[in-house]
Amino acid sequence: MALESISVNEARKLIVKKQRLPPSFRGKGKEEVVEVVRSIAGVQYDPLPVIMQAQYLTLWNRVKNFRPEFLDELLYKERKLIEFVSIRQALHIVPVDELPYYYQAVQRVFRRGWIQRSINKQSMEELQEIVKVIREKGTVSIKDFPYTKLRALFYMGKIAIAKREVGMFQMPHYSLLNTLHPQINLEEVEEDEAARWLVLRTVSAFGISPSSHIAYWIGYKVKETENILRELEEEGEVRRVKIEGLRKTQWIRSKDLERIGSIKREEFISLLTPMDNLTRDRKWLEELFGYTFKIEYFQKKGMRWQVSVLMNYEFLGFINPKMDRKNKTFIIKEVNITRKIEEDKWEKILKRIEEFAKFHKAEKIKVTDKRNRDVIKTLEKLGYESVNNYLIYKL
């Protein structure tokens, strides 16, 4: 039987809606941050301080009037959220009550990857002694024990991040997990059940995806992901569909397929870091949105930190920013917009960039890239002042 087919535009609207980016689907304040994190399958933590750290910007795009302290308080004071190594063996922020599912779901990934190898290198007797010291002291950091040993205990689910130091790199301090969250039992769910749960959560978080994208997001192999999807299909939880013009079979929640035609189009602009949920899988991004970029995370010199510009349901390109904290200046080193944009759209993009800069506590925007004369003329027309070899806009 032929699979039901949906248009690319319908697919994009569903994906963006499920990722909570249109205004009507954003969280309404701090009280909805946990629910946003829950619905988009967690938020990746990233320490890179080129601009504000990625986890704050992921939520800035999805929660109205978001402030960094919202997340910090939910993590380290109210403890409704927790940082833990889970998806793709990376540090993610997830709701505390869902931690057992995330933890168990990725154990198979840990066992065949570098995390298990790093645990195996440690002496269990030494780690037990460290646990005793942590129980007595309450909180420790790498000033107390080698990072490799604390890391092993962290991966094993014995300790968790209790707080972070104030500053650019926010060094973590650890406490025993059962001290911070005595209600949490990591063994309360079976591994297979947790894997099914996480695959279904991922399908729901992205709206519609091929098995390769779901596998990438979690860190599973494609074949094991497809086995789980077939089980969920037999239970009526998911359906297979086609997206017009794309070769791969797509998976969608049955309930989402029933109402896909009712999603209203909205106007909005999102500024997404390379660590954002929507841009993290660049191959999938290119397949669905016809847009991608080259990740330069580990490039030592001249690294670009591409902040992608999503306008409504189309990616226009990216800016390459840097925050000069000392001089309170938001610097745009490169404007790489690949689409021809009318002046009224530029006004909307610049307004969003100004909001982005203010979120960084900047007092002015400095554009140092003057290679594209059309862009420069537009910026000057919209209030950017030419000073020496760059443009300045005072906020």
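Attention here is on the structure that accompanies the text. (Residues numbered from 1 in each chain as written. Predicted model: local features only at pLDDT ≥ 70, side-chain atom pairs only at ≥ 80, totals over all residues. Heavy atoms only, no water.)

Check the secondary structure of the protein and you find 17 helices and 16 strands. Radius of gyration (C-alpha) of the protein: 22 Å, near the 21 Å computed for a compact globule of 395 residues. Viewed in the frame of its principal axes, the protein has a C-alpha envelope of about 65 × 60 × 35 Å. Out of the 395 residues belonging to the protein, those deemed buried represent 58%. (Helix = DSSP H or I, 4+ residues; strand = E, 2+ residues; numbered from the N terminus. Rg over C-alpha atoms; globule rule 2.2 N^0.38 Å. Buried < 20%, exposed > 50% of the residue type's maximum accessible area, 1.4 Å probe, protein only.)

Let us look at the sheet that holds strand β9 (residues 250–253). Read across the sheet, four strands follow the order β1-β8-β9-β7 without closing on themselves; strand pairing throughout is mixed. One side of each edge strand has no neighbouring strand; the edge strands of this open sheet are β1 (4–6) and β7 (208–209). Pairing of β7 with β9, which is carried by two bridges, proceeds in the antiparallel orientation. Bridging from a neighbouring strand, S209 pairs with W251 of β9. (Pairing = 2+ DSSP bridges.)

Right, let's get into the pattern of salt bridges. Across all of its chains, the model carries 37 salt bridges by this definition. Here R304 makes a salt bridge to E296, at a shortest N to O gap of 3.1 Å. When salt bridges with common partners are traced through the structure, they connect R108, R111, R112, E191, D192 and E224 into a single cluster. (Salt bridge = Lys/Arg side-chain N within 4 Å of Asp/Glu carboxyl O.)

It is worth spelling out the packing of helix α12 (residues 211–218) against helix α13 (residues 222–234) at this point. At a minimum axis separation of 9 Å, α12 and α13 run at an interaxial angle of 110 degrees. Judged by the angle between their axes, α12 and α13 are roughly perpendicular. Crossing geometry of α12 relative to α13 is assigned as right-handed. Taking contact as the criterion, the partners of S211, S212, I214 and A215 in α12 are, on α13, V222, T225, E226 and L229. (Axes fitted to C-alpha atoms, helices over the stretch in contact; angles between N-to-C directions. Parallel < 35°, antiparallel > 145°, perpendicular 65-115°, else oblique. Left-handed = near helix turned anticlockwise from the far one by under 90°. Contact = heavy atoms within 4.5 Å.)

With that settled, the discussion passes to helix α16 (residues 343–359). In an α-helix there are 3.6 residues to a turn, and that puts residues three or four apart on one side. For α16, which comprises 17 residues, the first-to-last C-alpha distance of 24 Å matches the rise-based estimate of 24 Å (1.5 Å per residue) to within 8%. The complete set of buried residues in α16 reads W346, I349, L350, R352, I353, E354, F356, A357 and F359. Backbone geometry just after α16 places K361 at a positive phi near 65 degrees. (Expected span 1.5 Å × (residues − 1).)

Enumeration according to the criterion identifies 19 aromatic pairs in this entry. With a centroid separation of 5.5 Å and an interplanar angle of 85 degrees, the aromatic rings of F268 and Y313 are classed as edge-to-face. Of this pair, F268 sits in the loop between α14 (254–258) and β10 (269–272) while Y313 sits in the loop between β11 (307–311) and β12 (314–324), and the two are 45 residues apart along the sequence. Exposure class is identical for F268 and Y313. Each is buried. Relative to F315, the ring of Y291 has its centre 4.9 Å away and its plane inclined at 5 degrees; by these criteria the two rings are stacked. Of the two residues, Y291 sits in the loop between α15 (282–289) and β11 while F315 sits in strand β12, which places them 24 residues apart along the sequence. For the residue pair Y291 and F315, the accessibility class agrees, reading buried in each case. An aromatic cluster is built from W60, F66, F70, F330, F356 and F359, whose rings are joined through pairwise contacts. (Phe/Tyr/Trp six-rings, centres within 6.5 Å; stacked < 30°, edge-to-face > 60°.)

Here the focus is the nonpolar core. Core analysis: the largest hydrophobic core is formed by 139 residues, its most contacted members being F66 and F330. Take this core: its biggest share by element is nine residues, from helix α11 (residues 191–206). Excluding residues within four positions of it along the chain, F66 makes contact with V33, Y56, L59, W60, L71 and F359. (Core = buried A, V, L, I, M, F, W, Y, C linked by side-chain atoms within 4.5 Å.)

What follows concerns the pairing of strand β13 (residues 329–337). By the criterion of burial, β13 is predominantly enclosed, with seven of the nine residues buried. In the sheet, β12 pairs with β13 via eight bridges, with the strands oriented antiparallel. Within β13, the residue paired with M323 across the bridge is F330. As consecutive antiparallel partners, β12 and β13 are separated by four residues, and within that stretch K328 has a phi angle of approximately 50 degrees, a positive value. Note: β13 against strand β14 (residues 364–367), four bridges, orientation parallel. Note on β14: the bridge partner recorded for T329 is K364. Following the backbone out of β13, through α16 and into the adjacent parallel β14, one traces a crossover that is right-handed. (Right-handed = clockwise from strand over helix to strand, strands pointing away.)

None of this, on its own, says anything about what the molecule does.
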